[in-house]
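Here is how the chains run, residue by residue.
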Amino acid sequence: MKIQTHIRPTCDTARVAFIDQTSKMGGAEHSLLDIAKRRLVDRCRDRVILFESGEFQRRLESFGVDTVVCALPSAASAVRRQSSIVRHVQSLQALRTLGKRVAANAVDFDVLYANTMKAFVAGAMASRRSGMPLIFHLRDIVSAEHFSRSNRLVIRAMCRVAKRIHVIANSSATADAMHELVRQRVPIDVIHNGIDSVDHEKAFRLRDEHRRRLRTELSLDSTSRVIGVFGRLSNWKGQHLAIQALEHLPECHLVIVGDALFGEEDYRESLRRRVAEDGLEKRVHFLGHRHDVPELMQTCDLALHTSIAAEPFGRVVVEAMFARCPVVAANAGGPAEIIQHGQTGWLYEPGNVDQMVHAIGVALDQDDDGISQRALIAATESFGIDKKVREVSALVKEVVGK
Ligand code: UDP
């Protein structure tokens, strides 16, 4: 089947100063990299303002994207999703100073565009200072399940601090939580993340080769069923549930792809301990953070998504659909909007290991690739990167033109 995915995005002359707090490659950074790369092809002269140097900056620059680093003061770097009000008050002055630096680095630009939470706080302060409009690309569910009360208060306050704010939510789930928090005061548009399918297509063409390579690397025989869990290690991402499920799936191996990116090292160690205690070392394979996710997806018989709390979007779910790898995902947040149960993948109640095991069994028993084909078509229709970047650029134009 030939599917057309690559249409050139339309040019947008507005200059965007993107802001992102980290240089580690989480989902938000992968998404921004794709947006910045494609806008560059259209000769949009944007800039990405980062709060630290590292891998993300290197990758942006390797594509020719202009970057600048405004270091995050230490008082602000200690703030976490569950931080108290005291921590926030301590960090506020630091973020104000950062907002000033961000504004200074964005003087020649038309719009500030915050891609992460701390970038939003600094961006709101920069917007207040400079009078520039602020787009906030919301990639988190701002509910009590994910954020402390004080964090939520700060988000509400920053919506007022910014001169002119427009929110892009990466799913209806993130939009709904934001509406509830700010009580309809800010304009919010839902634009689902776009995913670049080119590397998945390339990897699919060499599927047998990739399967052989991984099976040799992990000393698996060619008949072993391999379940892949992709994403950074974090308690709410629920990788421990995949290990629990494996106890009920004696014929399967589990590959865990991803590492503790944002201070979740204790969780990573708890996963390793659990595997050792349960004697599962031969069947659970920790691959760490990898740059060859498309190739690894070709080696798996199934991609398993395990988040316990609602997933804001879930790039890995759409990536697996592009990879033609059957997906079993937790039925909340983004995956519930992406997958049609029984049609393009399988959904189970988040945290319910019995249901998860059942869905895995059904998925592995399928002997035709109807679901994977339908998933590929659905992903291509709804999450193609070029279409999504065009939607973002149209919104940028609208905000700047107002
Ligand atoms: N990823 C990666 N290497 C890894 C694990 C994950 O490149 O070892 C990528 C994955 O392909 C996806 C992103 O990290 O593009 C994770 O995005 P997702 O929306 O699933 O989760 P988030 O990090 O935003 O919570």
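The rules we used
- Residues numbered from 1 in each chain as written.
- Predicted model: local features only at pLDDT ≥ 70, side-chain atom pairs only at ≥ 80, totals over all residues.
- Heavy atoms only, no water.
- Helix = DSSP H or I, 4+ residues; strand = E, 2+ residues; numbered from the N terminus.
- Rg over C-alpha atoms; globule rule 2.2 N^0.38 Å.
- Buried < 20%, exposed > 50% of the residue type's maximum accessible area, 1.4 Å probe, protein only.
- Contact = heavy atoms within 4.5 Å.
- Areas by Shrake-Rupley, 256 points an atom, 1.4 Å probe, with all protein chains shown as cover.
- Lys, Arg positive; Asp, Glu negative; His and termini not counted.
- Charge placed at Lys NZ, Arg CZ, Asp CG, Glu CD.
- Near = heavy atom within 4 Å.
- Polar contact = N/O pair within 3.5 Å; in protein donor to acceptor, adjacent residues only side chain to side chain.
- Nonpolar A, V, L, I, M, F, W, Y, C, P; charged D, E, K, R; others polar.
- Phe/Tyr/Trp six-rings, centres within 6.5 Å; stacked < 30°, edge-to-face > 60°.
- Lys NZ or Arg CZ within 6 Å of the ring centre and 35° of its normal.

**Q** Explain the overall build of the protein to me, using residue names and the numbers behind them.
**A** Of the regular secondary structure elements, the protein holds 17 helices and 13 strands. Here the protein has a C-alpha radius of gyration of 21 Å; the compact-globule value for 402 residues is 21 Å, and the two agree. Dimensions along the principal axes, computed over C-alpha positions, put the protein at roughly 60 × 50 × 35 Å. Burial statistics for the protein: of 402 residues in total, 59% are counted as buried. Excluding contacts between residues fewer than 6 apart, the proportion of contacts in the protein whose partners are at least 24 apart in sequence is 72%. Surface summary for the protein: the accessible area is close to 17100 Å², and the carbon and sulfur share equals 48%. In the protein, the 55 positive side-chain charges and the 50 negative ones have mean positions that sit 8 Å from each other.

**Q** Outline the site of the ligand, supporting the account with residue identities and numerical values.
**A** Taken together, 16 residues sit near the ligand, with G27, K237, R290, R315 and E319 positioned nearest. A distance of 2.9 Å is found between an oxygen atom of the ligand and a backbone nitrogen or oxygen belonging to R315. In the model, an oxygen atom of the ligand is placed 2.6 Å from a nitrogen or oxygen of the E319 side chain. When the ligand is considered free in solution it has 540 Å² of accessible area, and contact with the protein chains removes 90% of it. Put simply, the parts of the chain that give the shell around the ligand at least two residues each are α1 (27-41) and α13 (315-322). Of all the elements, α13 adds the most residues to the shell around the ligand, at three residues. Looking at the shell around the ligand, its residues break down into three nonpolar, eight polar and five charged.

**Q** Summarise the packing of aromatic side chains; cite the residues concerned and give the values.
**A** Two measures describe an aromatic ring pair: the distance that separates the ring centres and the angle between the ring planes. Taken as a whole and assessed by the stated rule, the structure comprises three aromatic pairs. Where F120 meets F136, the ring centres are 4.0 Å apart and the plane angle is 5 degrees; that geometry is what we call stacked. Residue F120 is found in helix α5 (residues 117-130), and its partner F136 is found in strand β5 (residues 133-138); the two are separated by 16 residues along the sequence. A cation sits over an aromatic face here: R272 above F286, 4.5 Å from the ring centre. Taking the ring centre of F204 as reference, the NZ or CZ of R324 above it sits at 3.8 Å.

Distances and angles like these do not, on their own, reveal function.
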